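Residue-level listing of the chains:
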Amino acid sequence: MSTRKNDAEEHPAPQGVTIYYWPCSLVLLARSLLLDRPTGPLSATLRIACAKPYFIEVNGQQLQTRASLVAPKAERKRIFAVDSEVALFYLPLDMPEYAGVRAVLGDASLVELPIEIFEPFIPRLQRAMREVVSPQEIKDIVAQVVAAMTRYAPATRTAPAQQDERVLKACRVLDEMPLRDVSLEAVARQVHLSSSRLRDLFKQQTGFTIGDYARWRAVWRAALLWQRGLTITRVAEEAGFHDLAHADRAFNQVFGMNPSSVIDPKFVTLVSCE
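Residues numbered from 1 in each chain as written. Predicted model: local features only at pLDDT ≥ 70, side-chain atom pairs only at ≥ 80, totals over all residues. Heavy atoms only, no water.

Asker: Sorry if this is basic, but what is going on with the packing of helix α2 (residues 122–130) against helix α3 (residues 135–149) here?
Answerer: Each pair of packed helices can be summarised by the angle the axes make with each other and by the distance between the axes. Two numbers describe how α2 lies on α3: the axes approach to 11 Å, and their chain directions differ by 145 degrees. Relative to α3, the crossing made by α2 is left-handed. Together, Arg 124, Leu 125, Arg 127 and Ala 128 of α2 and Glu 137, Ile 138, Asp 140, Ile 141 and Gln 144 of α3 make up the contact between the two elements. Residues that form the contact of α2 with α3 fall into these classes: four nonpolar, one polar and four charged. (Axes fitted to C-alpha atoms, helices over the stretch in contact; angles between N-to-C directions. Helix = DSSP H or I, 4+ residues; strand = E, 2+ residues; numbered from the N terminus. Left-handed = near helix turned anticlockwise from the far one by under 90°. Contact = heavy atoms within 4.5 Å. Nonpolar A, V, L, I, M, F, W, Y, C, P; charged D, E, K, R; others polar.)

Asker: Explanation requested: the sheet that holds strand β3 (residues 25–30) in the structure shown.
Answerer: What holds strands together in a sheet is hydrogen bonding between their backbones, with the strands either parallel or antiparallel. Reading across the sheet, the seven strands line up as β11-β8-β5-β10-β3-β2-β12 and stay open at both edges, with mixed pairing between neighbours. This sheet does not close on itself; its edge strands, each paired only once, are β11 (110–112) and β12 (268–272). Across the sheet, the axes of successive neighbouring strands diverge by a mean angle of 15 degrees, strand direction being ignored. Each of β2 (17–22), β3, β5 (44–49) and β10 (86–91) touches α2; the most contacted strand, β3, lies at about 80 degrees to it. (Pairing = 2+ DSSP bridges.)

Asker: Got a minute to help me understand the packing of aromatic side chains in this structure?
Answerer: The description of an aromatic ring pair uses the distance of the two centres, along with the angle that the planes make with each other. The final tally for this structure, using the stated rule, is four aromatic pairs. On the basis of an interplanar angle of 25 degrees and a centroid distance of 6.3 Å, the ring pair of Phe 55 and Phe 80 is categorised as stacked. With Phe 55 in strand β6 (residues 54–58) and Phe 80 in strand β9 (residues 76–81), this residue pair connects regions lying 25 residues apart in the sequence. Taking the relative accessible area as the measure of exposure, Phe 55 reaches 17% and is therefore buried. Judged by its relative accessible area of 35%, Phe 80 is partly exposed. Here the aromatic rings of Phe 202 and Tyr 213 are separated by 5.5 Å at their centres, their planes lie at 85 degrees, and the arrangement is edge-to-face. Here the residue Phe 202 occupies a position in helix α6 (residues 195–206), and Tyr 213 occupies one in helix α7 (residues 210–227), the gap between them amounting to 11 residues. Looking at Phe 202, the relative accessible area reads 0%, which means it is buried. The class of Tyr 213 is buried, set by a relative accessible area of 3%. (Phe/Tyr/Trp six-rings, centres within 6.5 Å; stacked < 30°, edge-to-face > 60°. Buried < 20%, exposed > 50% of the residue type's maximum accessible area, 1.4 Å probe, protein only.)

Asker: Can you walk me through the pattern of salt bridges in this structure?
Answerer: Side chains that carry opposite charge are capable of pairing whenever their charged atoms lie near each other. By the definition in use, this model includes 12 salt bridges. Residues Glu 57 and Arg 78 are paired through a salt bridge, measuring 2.8 Å at the closest nitrogen-oxygen approach. Of this pair, Glu 57 sits in strand β6 while Arg 78 is found in strand β9, placing the two residues 21 residues apart along the sequence. A salt bridge links Glu 85 to Arg 130, with the nearest nitrogen and oxygen atoms 2.6 Å apart. Residue Glu 85 is located in the loop between β9 and β10, and its partner Arg 130 is located in helix α2; the two are separated by 45 residues in the primary sequence. Each of Arg 124, Arg 127, Glu 131 and Glu 137 takes part in salt bridges that share partners, so that together they form one network. (Salt bridge = Lys/Arg side-chain N within 4 Å of Asp/Glu carboxyl O.)

Asker: Would you take a moment to explain the nonpolar core for this structure?
Answerer: Membership of the largest hydrophobic core comes to 99 residues, with the highest contact counts inside it found for Leu 46, Phe 89, Leu 91, Phe 118, Leu 198 and Phe 241. No other element matches the 11 residues that α7 contributes to this core. Ignoring any residue separated from it by four or fewer positions in sequence, one finds Leu 46 in contact with Ser 68, Leu 69, Ala 87, Leu 88, Phe 89, Leu 91, Leu 113, Phe 118, Val 145 and Met 149. (Core = buried A, V, L, I, M, F, W, Y, C linked by side-chain atoms within 4.5 Å.)

Dropping the structure here:
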């Protein structure tokens with residue numbers, strides 16, 4: 001689990017970063033964000049610059065903008081947001097409430113969005129950047145930002161579905177299961193569903209596969225353990241990674257960021273919104 005800043009995934013400059021997170025979603029708020037190596041996070045990513053425009057290159061398309069939406073797994077080659085006061089939202093597109101976001105993206109990898117639709121939210125984002133606000137306020141901001149972004153596609157907006165108790169139980173199982181032990185079959189046995197039924201139901205309600213969700217939980221477990229002062233080797237072991245290289249790959253797959261960018265307690269404040 002390398003801590004070298006020049007490993008160079010998308011990472012905040014060391015000026016103070018706040019990350020609000022909950023299962024499979026996050027809002028990252030930072031004065032500056034830099035990317036100088038290709039990455040492709042699992043979620044769609046919405047970036048809003050509260051101050052200066054930023055430069056972004058995705059799959060060969062380049063923009064200088066204050067708001068953009070990038071498709072999941074699309075290759076982000078370069079992002080330079082210096083003194084931009086960036087809000088970065090991770091949006092799992094398979095979740096019902098993000099159907100409108102899928103419609104905004106269509107078949108595109110990168111979509112520029114008019115900053116005017118987000119201006120009402122900028123003061124609240126800036127406040128959350130400078131002081132820790134409540135989890136409910138952050139989730140309210142996400143819901144309102146998504147509603148504003150998708151207002152021209154009302155037919156595709158879908159309210160969040162009430163979650164199946166078996167999916168909730170599967171999440172609880174995964175919260176406790178070391179990553180190295182995770183398999184679809186093992187979780188299905190514990191929630192009394194067939195593997196195929198759990199796979200489909202879990203993806204439908206969470207927006208993630210069992211494996212992706214397990215990696216998400218493992219990297220946050222590692223982040224919290226590291227911030228509590230455990231050694232890097234102990235962190236990887238406790239979170240259930242096979243080795244340090246496995247932990248590095250998981251962080252980059254989930255976030256498109258190296259571990260030190262996400263969890264360095266000198267620069268990063270983690271706020272659980274569960």
